[in-house]
Amino acid sequence: MAADTIDSATRNGDLARSGLNADALRRGVLDNLTCLQARSPAIATPHDWYMALAYSVRDRMLARWEATIQTYVASELRVACYLSAEFLIGPQLGNNLVNLGIEANARAAMQALGQDLDALLAIEEEPGLGNGGLGRLAACYLDSLATLEIPSVGYGIRYEFGIFDQQIRDGCQVEVTDKWLQKGNPWEIVRPNVAYYVAFGGQTQCATDAEGRLRVQWTPARMVKGVACDTPMLGYRVNTCNTLRLWKSEAVESFDLQDFNAGDYYEAVQEKVISETLSKVLYPNDEPEAGKRLRLAQQYFFVSCSLQDMLRLLDLKGEPIARFADMFTVQLNDTHPSIAVAELMRLLVDVRLLPWDEAWEITRNALSYTNHTLLPEALETWGLPLFRSLLPRPLEIIYEINRRFLEEIRQRYPGDDASVARMSMIDETGDKKLRMAHLSTVGCRAVNGVAELHSALLKETVLRDFAQLWPERFHNVTNGVTPRRFMLLSNPGLARLLDETVGDGWVTDLTRLRKLDAYADDPAFLEKWRAVKRANKQLLSERIRDVTNIVVNPDALFDIQVKRIHEYKRQHLNALYIITLYQRLRRNADQGAAPRCFIFGGKAAPGYAMAKLMIRLITGIAEVVNNDPAMEGRLKVVFFPDFNVKNAQFIYPAADLSEQISTAGKEASGTGNMKFMMNGAITIGTLDGANVEIREEAGDENFFLFGLTAEQVEHVTHDGYRPAQYADNNAELRETLNLIADGYFSRGDKQVFRPLVENLLQSDPFLVLADYTDYVTCQERVSAAWQDPARWTRMSVLNTARSGKFSSDRAISEYCERIWKISPVRIDLDRS
Ligand SMILES: *Cc1c(COP(=O)(O)O)cnc(C)c1O
């Protein structure tokens, strides 16, 4: 280290907190280690060093964070508020280093302290505050919002226990509690002075106020306090550092003992327990929502805190309540925050005493809704008795919104009771239920789907009546993912090659990758491209060996399907192909087959028996195939446990083939498909979700297409689908199903997979058997392409080259222009 650097550093004490060079970082780490954590370097554990580095990186974000907050409070600019029950943000240290541009300096600083940066990065706990795609989308959007300098806040729930950790024991998924906060979270700032109260239960009463107006009084059974926990979300090489504000629940601090008799003391303690339970645990997807009172309480809790926070900011800005929708544009990530429609009305009418019509105008103008699913079982509804007992006043408001809305419908379609029943917010067939998608559609200014196909189907199916009524309200914004995390951070080898080839501007303008088209036939370039992929596969192979003890060959075709385990995503279709291929290889009947390594990853909802069985099938196949000496060098099957963002960062860059094989019409968009594409994997997929657009961009010749279209799926389903016929007409499929049924992949146990085989032969709701033959043929084309390395590499390059559309920067720009009407604001660090 140069003497003058040390001199100036000593003169300027602040440098240890803000300086970006390696020496300032080194001193910052030592400062934090000794003064904040009270550890001496001599006894510091790797985790201590990780924490010290994380605090030192956070220190370097604070000036930007403060300047960003001050700018938003002081000026009358509009703020986009992204409400989501999930934010799957992944580890923060690496991303913050990359966005600050100090990764190399941090590496040098830690080396000077005898520490390896990569080892420290590996220590960070994953904040698993989401299930999968929807939560990861919210996180990618926060990265793009900050990078594009859009004034914005993310609002959600600070779950004490995120999505469970998955272990595989005896081939089965075992759920383990995710104690991500156990060793502390250096990125979070708790703000006890930013807190709001949220009411639950009790009764409502009508009363006349001093001015003679009729007012509704809600006397709740209990109050829960929500405290803000903030995480800085720094943009890439900009000053904008936005806030992710997650609410944690606390008991209302002192219950006044004088208000209670002795018996009620225990009641009061019980109330405290309930309040503290509220933000404890994230609910896994794909489980019946019915009866999950706590889940509804979580939704209302975070939505109410967030809206109250916006009202407070409006007051701080000195803006009148009538300007709410000018100051805030609120995006609802699926229906999970849809109670915002009723809660904003309640805050405006009951608390701010606005007339109903004025409040409705504000609410409708402020809110927008993103739909994420067409699957009927995933459309959110709540039984009326449960809803009423927990949220009596919001329910009254929903009734009133519905009453006025249906009045409009009756005027527009006189005598058409069927339309009224279909569009009502209350489903009256059977036990009465609230339809949250209807509440969102009526209460929001804009509704969007997440890929072209999905947005079109949305207008034809679940929201058809509404699309006819208000066509101008419907939009499409195709999802995107951040190239900072999923390319620059997780695929540094590729990033370097791209920098060299097209310049480093691709990181914030991904369409510049188009320039790679010119290199797709350049042998020297293709050689470098293959070397990058080979190194990534080598790295993943080592992790696979460490975690599963399975040794894979990095020169085999890495055929990867990672995503939540679900019947509609059809991991079992992939499994059927593997068995078929295995049989062909055993009889040497598939000479053209490429050596393959099939890699799976994904969690199943704890209560979703069929999904768990699908995991067992995959691990069962892996056990047989990997122990068959005849398969050495030809076929391997891996189930990589605990698929999360941290693991994903090693997996996507190592893929040759991306499995996107959902039943057409069922996957709203997918975002994993985009991450694979950016990293040069070629997709084998159906015309579903964003696959359609991926193929459009990549070109038909650079995409392996198979399967029924969404329209054909509809027809087959309606015309009396007989899955068993497909098995009768295809000897290989029959043999494959028989092997499973005979216990070949369950150590002779014929019972284990019976439900799965019977389901496929008898109902097969996701048309696995109908698509099997075409899938197998398509996989043969994949093998043929692999045999020609120049051709394969060309396809790989062209996939990355044409992935520009799938940057979340493009998606966020579209939200800003079409839906939010909001523009970037440069953050000035020298304001003060
Ligand atoms: C991207 C991502 C997903 C979504 O994957 P799909 O293939 O779109 O379902 C799920 N989980 C994690 C950890 C991800 O990074």
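Computed from a predicted model, the values in this text were never measured in an experiment. (Residues numbered from 1 in each chain as written. Predicted model: local features only at pLDDT ≥ 70, side-chain atom pairs only at ≥ 80, totals over all residues. Heavy atoms only, no water.)

A.B. asks: With reference to specific residues and values, describe empty space enclosed by the protein.
C.D. replies: Where empty space is left becomes clear once a probe the size of a water molecule has been rolled over the atoms. Inspection of every chain in the model, using the stated rule, returns five cavities of 30 Å³ or more. The space that makes up the largest cavity amounts to roughly 110 Å³. Taken together, Ile-89, Gln-92, Asn-95, Asn-96, Arg-136, Ala-139, Asp-143, Met-233, Leu-234, Thr-482 and Arg-485 make up the lining of the largest cavity. Residue assignment for the lining of the largest cavity shows that the elements contributing at least two residues are helix H5 (93-100), helix H8 (133-147) and strand S8 (222-234). The element contributing the most residues to the lining of the largest cavity is H8, with three residues. For the lining of the largest cavity, the per-class residue count stands at four nonpolar, four polar and three charged. Quantified by volume, the second largest cavity comes out at close to 50 Å³. Broken down by class, the residue content of the lining of the second largest cavity amounts to one nonpolar, five polar and three charged. (1 Å grid on protein atoms, 1.4 Å probe; cavity = no way out; pocket = protein on both sides within 12 Å on 5 of 7 lines; lining within 4 Å. Points joined across faces, edges and corners; volume = space filled by probe spheres on them. Helix = DSSP H or I, 4+ residues; strand = E, 2+ residues; numbered from the N terminus. Nonpolar A, V, L, I, M, F, W, Y, C, P; charged D, E, K, R; others polar.)

A.B. asks: Can you explain helix H12 (residues 340-351)? Please cite residues and give values.
C.D. replies: Along H12, eleven of the twelve residues are buried, which leaves the element largely enclosed by surrounding structure. Turning to H12, its buried residues number three or more, namely Ala-340, Val-341, Ala-342, Glu-343, Leu-344, Met-345, Arg-346, Leu-347, Leu-348, Val-349 and Asp-350. (Buried < 20%, exposed > 50% of the residue type's maximum accessible area, 1.4 Å probe, protein only.)

A.B. asks: An account of the packing of aromatic side chains is needed here, citing residue identities and associated values.
C.D. replies: Applying the stated criterion across every chain, the model contains 23 aromatic pairs. Taken together, a centroid distance of 6.0 Å and an interplanar angle of 85° make the contact between Tyr-82 and Tyr-141 edge-to-face. In this pair, Tyr-82 sits in strand S1 (residues 79-83) while Tyr-141 sits in helix H8, placing the two residues 59 residues apart along the sequence. A relative accessible area of 2% places Tyr-82 in the buried class. Seen in terms of ring centroids, Tyr-577 and Tyr-775 are 5.9 Å apart; in terms of plane orientation they differ by 75°. Their pairing is edge-to-face. Pair noted here: Tyr-577 is in helix H23 (residues 571-586) and Tyr-775 is in helix H32 (residues 768-786), with a separation of 198 residues, a long-range link. According to the relative accessible area criterion, Tyr-577 is buried, its value standing at 2%. One aromatic cluster is present, built from ring pairs that chain together Tyr-82, Tyr-141, Tyr-815 and Trp-820. One residue, Arg-191, lies across the ring of Trp-65, its end atom 5.3 Å from the ring centre. The ring centre of Tyr-582 lies 5.3 Å from the NZ or CZ of Arg-586, which sits over that ring. (Phe/Tyr/Trp six-rings, centres within 6.5 Å; stacked < 30°, edge-to-face > 60°. Lys NZ or Arg CZ within 6 Å of the ring centre and 35° of its normal.)

A.B. asks: How would you explain the domain arrangement of the chain if you had to name every residue and give the values?
C.D. replies: Split by domain assignment, the chain resolves into domain 1 (19-74 + 103-115), domain 2 (77-90 + 126-479 + 816-820) and domain 3 (495-806). For domain 2 versus domain 3, the separation of C-alpha centres amounts to 36 Å. Listed per partner, the contact involves 34 residues of domain 2 and 40 residues of domain 3. Here domain 2 packs against domain 3, burying approximately 2800 Å² in sum over the two surfaces, 62% of which is carbon and sulfur. There are one salt bridge connecting domain 2 and domain 3. One salt bridge connects Glu-175 with Lys-612, and the closest N-O pair in it is separated by 2.8 Å. The interface formed by domain 2 and domain 3 includes 13 residue pairs in polar contact (both at pLDDT 80 or more). In terms of residue class, the side of domain 2 that touches domain 3 is made up of 14 nonpolar, twelve polar and eight charged. (Domains from an automatic or database assignment. Contact = heavy atoms within 4.5 Å. Buried area = accessible area lost by both parts, 1.4 Å probe. Salt bridge = Lys/Arg side-chain N within 4 Å of Asp/Glu carboxyl O. Polar contact = N/O pair within 3.5 Å; in protein donor to acceptor, adjacent residues only side chain to side chain.)

A.B. asks: Lay out the pairing of S8 in plain terms, naming residues and giving numbers.
C.D. replies: The element S8 is extensively covered by neighbouring structure, given that twelve of its 13 residues are classed as buried. Judged from the nine bridges that link them, strand S5 (residues 189-200) and S8 form a sheet pairing that is antiparallel. Residue pairing across strands places Tyr-197 opposite Lys-225, the latter belonging to S8. When S8 meets strand S9 (residues 241-251), the two strands line up antiparallel, connected through eleven bridges. In the sheet register, Lys-225 faces S9, and the bridge partner there is Glu-250. (Pairing = 2+ DSSP bridges.)

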